[in-house]
Amino acid sequence: MSIKIDMHNIKLKPTQVLVIGFATIILIGGLLLNLPIASQNGESVGFINAIFTATSAVCVTGLSVVDTGTYWTAFGKTVILFLIQIGGLGFMTLATMFFIILGKKISLKERLIIQEAFNQSTLAGLVRFSKYVLIVTFAVEGLGALFLSLRFIPQYGWITGMAYSIFHSVSAFCNAGFDLIGNGKNLMPYVSDPIVSLTVSFLIIIGGIGFSVITDVFTNKKLRKLSLHTKMALLITALLLTIGTIGFIVLEWRNPDTLGNLNLGGKFLSGFFQSVTVRTAGFNTVDFAQMRTASKLLAIILMYIGGSPASTAGGIKTTTLGVILFTIISVIKGKSETELFRRRISRDIVNRAITIAIIGIFLIIFVTMILSITDSQFNFMEILFEVVSAFGTVGLTLGITPLLSALGKTLLIFMMFAGRVGILTIAFALARQQHKYKGNIKYPEGKILVG
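Here's what I pulled together on the structure shown here. Quantities reported herein were computed from a predicted structural model and do not represent experimental measurements.

**Let's talk about the environment of Ile214**
Right, so step 1: Position of Ile214 relative to the elements: it lies in helix α10 (residues 211-220).
Right, so step 2: Exposure remark for Ile214: the relative accessible area of 9% places this residue in the buried category.
Right, so step 3: Separated by 16 residues in the primary sequence, Ile214 and Thr230 have C-alpha atoms spaced 8.5 Å apart.
Right, so step 4: Apart from the residues within four sequence positions on either side, Ile214 is in contact with Tyr132, Val136, Ile206 and Ile209.

Shown next, in the form of structure tokens:
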């Protein structure tokens, strides 16, 4: 008896294609990084460690079980760089680029996948939007590499300096946080360097603000013409950057292990940089393990929030937080609907925002509890920090990543994947096909006491 499987009859939802696509890229990247030629010592890094690194790169996180700058060969670093770029742009964006080059028409199903990948509300102009994403990405990364080369070329020479400039520019724009400085230093040698700190900061901000926002700003230019989504993303981003900068400066002002020994300009520059990077990037110019507990808690909150939708960032997203905040304000004011900027937010969007936030919290609590059992040698703050960093695809660590157990690393792999692909995307991909009812069914209203 022979069994024939017709692949054309296998129908996958866009969410399932995205999940399988990202998982496939991670597997290929992990297999390449597991090769002996990828490591300086000529030995395999181990399958779990290779998959962990590939996941961290594709999910633009930055958590590392080995030192990126010293452990990997040029081949290994190149693989990581390509994985970061693919993860930052999304594999469907790169697929669209190849379709365009080959003159292939983008089908409706492929447009639906692109729509899901960029979290867009309409199919109109998706191919044009994908082209714009590619142009903006390579232009900004090129400009960032140019600025970084002003510091790296004099320090490392032309070839190494240019390679470092390109790698760190891509890593910053894609909010990945991988560095090549080596020996766990990250960007700490440049804590008072405005060229490196400000260039990396603005690359992170642009990459994490969202391609939809960038398109809207360049198209409309005037504030009153901007979409509600853009206004919300810009408002919450500015608010979080301000709170983070002031918070880190105040809390770490006298800490000799972080900002304490810096001059006034260095304190403000470093405070701003940490505020930018904790939201999703993972670079650091000070040692987070030496920060005060209050500063670590502030970092955890900002990591959980993350960047904006349709960007290279992770977390629950700035607009999700914005919708929840304005819902709270509307409830306090006694309004029946969420309102902002003289616009009404639909109940579906409010429900989606609350669902994302709550699932994220429960997921973090669950994984933190498991890790506190499997990796009990670490304290609660170290574990919670690591879990939220993975979920927010941030990549900051208090130094425990390489020391985690195999199960601990596997759980963080899942957290990084969930943070990059999206909680609801995975949930929808796993869910069964929803039944379509004819007409709306409304049940009798019930009363529950809350508060």
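Having seen it, we continue.
**Focus: the environment of Met416**
Right, so step 1: Looking at the secondary structure, you find Met416 in helix α17 (residues 406-421).
Right, so step 2: Distance in space between the C-alpha atoms of Met416 and Gly392 is 7.4 Å, their sequence separation being 24 residues.
Right, so step 3: Beyond its immediate sequence surroundings of up to four residues, Met416 is in contact with Phe52, Thr55, Ser56, Cys59, Thr61, Leu63, Ala390 and Thr393.

**What to know about helix α13 (residues 293-305)**
Right, so step 1: For α13, spanning 13 residues, the distance from its first C-alpha to its last is 19 Å, which sits close to the expected 18 Å at 1.5 Å a residue.
Right, so step 2: Residues of α13 that are buried: Ser295, Lys296, Leu298, Ala299, Ile300, Leu302, Met303, Tyr304 and Ile305.
Right, so step 3: If you follow the buried residues of α13, they end up packed against α11 (228-252), α14 (318-332), α15 (347-374) and α16 (380-391).
Right, so step 4: Where α13 ends, the next residue or the one after it, Gly306, has phi of about 75 degrees, a positive value.

**A word on α16**
Right, so step 1: Compared with an ideal rise of 1.5 Å per residue, which puts 12 residues at 16 Å, α16 spans 16 Å between its outermost C-alpha atoms and is within 8% of the ideal.
Right, so step 2: Within α16, 10 of the 12 residues are buried, which leaves it mostly tucked inside the rest of the structure.
Right, so step 3: Considered for burial, the residues of α16 that qualify are Met381, Ile383, Leu384, Phe385, Glu386, Val387, Val388, Ser389, Ala390 and Phe391.
Right, so step 4: Residue Asn379 occupies the N-cap position of α16, its side-chain oxygen lying 3.2 Å from the main-chain nitrogen of Met381.
Right, so step 5: Thr393 occupies a position one or two residues after α16 and carries a positive phi of about 45 degrees.

**Overview of the packing of α13 against α16**
Right, so step 1: Put simply, α13 and α16 touch, their axes get as near as 8 Å, and they point 25 degrees apart. On the basis of their axis angle, the class for α13 and α16 is roughly parallel. Of the two possible hands of crossing, α13 and α16 adopt the one that is left-handed. Between α13, through Thr293, Lys296, Ala299, Ile300, Met303 and Tyr304, and α16, the contact on the second element is made entirely by Met381, Leu384, Phe385, Val388, Ser389 and Phe391.
Right, so step 2: Residue composition of the contact of α13 with α16, by class: nine nonpolar, two polar and one charged.

**Overview of a nonpolar patch on the surface**
Right, so step 1: Taken together, the side chains of Ile354, Ile358, Ile361, Phe362, Ile365 and Met369 define a hydrophobic patch exposed on the protein surface, amounting to about 550 Å² of accessible area.
Right, so step 2: Here Phe362 is to be found in helix α15.
Right, so step 3: Judged by its relative accessible area of 55%, Phe362 is exposed.

What counts and what doesn't
- Residues numbered from 1 in each chain as written.
- Predicted model: local features only at pLDDT ≥ 70, side-chain atom pairs only at ≥ 80, totals over all residues.
- Heavy atoms only, no water.
- Helix = DSSP H or I, 4+ residues; strand = E, 2+ residues; numbered from the N terminus.
- Buried < 20%, exposed > 50% of the residue type's maximum accessible area, 1.4 Å probe, protein only.
- Contact = heavy atoms within 4.5 Å.
- Expected span 1.5 Å × (residues − 1).
- Polar contact = N/O pair within 3.5 Å; in protein donor to acceptor, adjacent residues only side chain to side chain.
- Axes fitted to C-alpha atoms, helices over the stretch in contact; angles between N-to-C directions.
- Parallel < 35°, antiparallel > 145°, perpendicular 65-115°, else oblique.
- Left-handed = near helix turned anticlockwise from the far one by under 90°.
- Nonpolar A, V, L, I, M, F, W, Y, C, P; charged D, E, K, R; others polar.
- Patch = residues over 30% accessible without salt bridge, like charges linked within 9 Å, V, L, I, M, F, W, Y side chains within 5 Å.
- Areas by Shrake-Rupley, 256 points an atom, 1.4 Å probe, with all protein chains shown as cover.
- Salt bridge = Lys/Arg side-chain N within 4 Å of Asp/Glu carboxyl O.

Interpretation in functional terms is not warranted from these geometric data alone.
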